[in-house]
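Below, each chain spelled out in residue letters.
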Amino acid sequence: MYKKLKELNIGGTFKSNLCDFVVIEKKENETVLVATYDTFNNIKCNFNVTSKTENMYASSDLRKYIENKIYGKFVEQFGKNIIPYKSDDDMLYLIRSISLSEYNIFRNKCCKAFSSDFWLASKYNSDEKTVMYVEASGSVKNTKHYGEKKGLILVCVLDGNIEVDEDPKVKEKIVSIETDIGYESHMREISYERLGVIQ
């Protein structure tokens, strides 16, 4: 069923030729923050291999990879409907690895497991040698191993007036998690079917 993106609820899903997406946040000017519903295309990347002492996403190899290798795929799908937005680090992005605060919203609406571990764009406190990631189970962790290959949950802001194909075949229990999901959180049983992901 086709609807305007802005008509989907938070946690609502839609499918595309690229992959499945989930609505994370309604933003100003009828724009909508969306995230890939699962780790994107089974791609696994290093966070940073050229710098061993910095956990800043803005200067990371991960950002360069996403913007140089993946952004074009999003342009093919959404065209000029991708809207620049200011992230947690006060920088403008068109597409980015999901941050901790965005992931917290994701988990609060869609308690689910993922196909693989994936990187977060947020810094781990003030430790310049540590980066954050999410285990496939959904738990947030940190590591000093920049060269580990992990997956990607990607976010971007879209014009809310575009029509999207709401996906009734992604079935899940929408739950509210009251615990601090920045730490360990209890996984709840879900049922979902992931469709349309390019391998």
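Residues numbered from 1 in each chain as written. Predicted model: local features only at pLDDT ≥ 70, side-chain atom pairs only at ≥ 80, totals over all residues. Heavy atoms only, no water.

(A) Spotlight on unusual backbone geometry. Non-glycine residue Asn-41 carries a positive phi angle of around 55°. Within the secondary structure, Asn-41 is located in the loop between strand 4 (31-36) and helix 1 (61-78). Residue Asn-42 is not a glycine yet carries a positive backbone phi of 60°. (Helix = DSSP H or I, 4+ residues; strand = E, 2+ residues; numbered from the N terminus.)

(B) Seen up close, the pattern of salt bridges. Scanning the model with the defined rule gives eight salt bridges in all. As a salt-bridge pair, Lys-27 and Glu-25 come within 3.7 Å of each other at their nearest N and O atoms. With a relative accessible area of 24%, Lys-27 lands in the partly exposed category. Given a relative accessible area of 29%, Glu-25 falls into the partly exposed group. (Salt bridge = Lys/Arg side-chain N within 4 Å of Asp/Glu carboxyl O. Buried < 20%, exposed > 50% of the residue type's maximum accessible area, 1.4 Å probe, protein only.)

(C) Representation of the packing of aromatic side chains in the model. Under the defined criterion, the tally for this structure stands at 14 aromatic pairs. Centroid distance Phe-114 to Phe-118: 4.9 Å. Interplanar angle 70°. Geometry classified as edge-to-face. For Phe-114, a relative accessible area of 7% translates into the label buried. For Phe-118, a relative accessible area of 0% gives the class buried. Ring pairs connect the aromatic residues Phe-14, Phe-21, Phe-40, Phe-74 and Phe-78, which therefore count as one cluster. (Phe/Tyr/Trp six-rings, centres within 6.5 Å; stacked < 30°, edge-to-face > 60°.)

(D) Structural context of the side chain of Lys-150. Tracing the backbone shows Lys-150 in the loop between strand 11 (140-143) and strand 12 (154-159). The class of Lys-150 is buried, set by a relative accessible area of 7%. In contact with Lys-150, other than residues within four places in its own chain, are Ile-43, Lys-44, Cys-45, Asp-117, Phe-118, Trp-119 and Tyr-133. (Contact = heavy atoms within 4.5 Å.)

(E) Spotlight on the sheet that holds strand 10 (residues 131-134). One open sheet holds the three strands; their spatial order is 9-10-11, and the pairing between them is antiparallel. Single-partner strands in this sheet number two, and they are strand 9 (118-123) and strand 11. Looking at each pair of strands side by side, their axes are set apart by 40° on average, direction ignored. Of the strand pairs in this sheet, strand 9 and strand 10 are connected by three bridges, and their pairing is antiparallel. (Pairing = 2+ DSSP bridges. Axes fitted to C-alpha atoms, helices over the stretch in contact; angles between N-to-C directions.)

(F) Examining the nonpolar core more closely. If you look at the biggest cluster of nonpolar residues, it comprises 33 residues, and the most contacted ones within it are Leu-5, Phe-14, Ile-70, Phe-74 and Leu-158. Elements that contribute at least two residues to this core include exactly strand 3 (20-27), strand 4, helix 1, strand 9, strand 10 and strand 12. Broken down by element, this core gets its largest block of residues, five residues, from helix 1. Not counting the four nearest positions on each side in its chain, Leu-158 is found in contact with Leu-5, Phe-14, Glu-30, Thr-31, Val-32, Val-34, Phe-78, Asn-81, Ile-82 and Ile-83. (Core = buried A, V, L, I, M, F, W, Y, C linked by side-chain atoms within 4.5 Å.)

(G) Quick peek at the confidence of the model for the chain. Averaged over all residues, the pLDDT of the chain equals 80, while 81% of them reach at least 70. Here residues 171-199 scores under 50 on pLDDT; set against residues more than four positions off or in separate chains, the count is 71 contacts. (pLDDT = per-residue confidence, 0-100.)

(H) Quick look at helix 2 (residues 100-109). Among all positions in helix 2, only Leu-100, Glu-102, Tyr-103, Phe-106 and Arg-107 are buried. The buried residues of helix 2 occupy one face: seen down the axis, they fall within an arc of 155°. (Arc of directions from axis to C-beta.)

(I) Structural view of the environment of Val-23. Checked against the element boundaries, Val-23 lands in strand 3. Separated by 83 residues in sequence, Val-23 and Phe-106 place their C-alpha atoms 8.3 Å apart. For Val-23, the residues in contact, after removing those within four places along its chain, are Leu-5, Leu-8, Asn-9, Ile-10, Gly-11, Gly-12, Val-32, Leu-33 and Val-34.

(J) Looking closely at the environment of Thr-130. Within the element layout of this structure, Thr-130 appears in the loop between strand 9 and strand 10. Given the relative accessible area of 1%, Thr-130 is considered buried. Counting along the chain gives 12 residues from Thr-130 to Asn-142, while the straight-line C-alpha distance between them is 6.4 Å.

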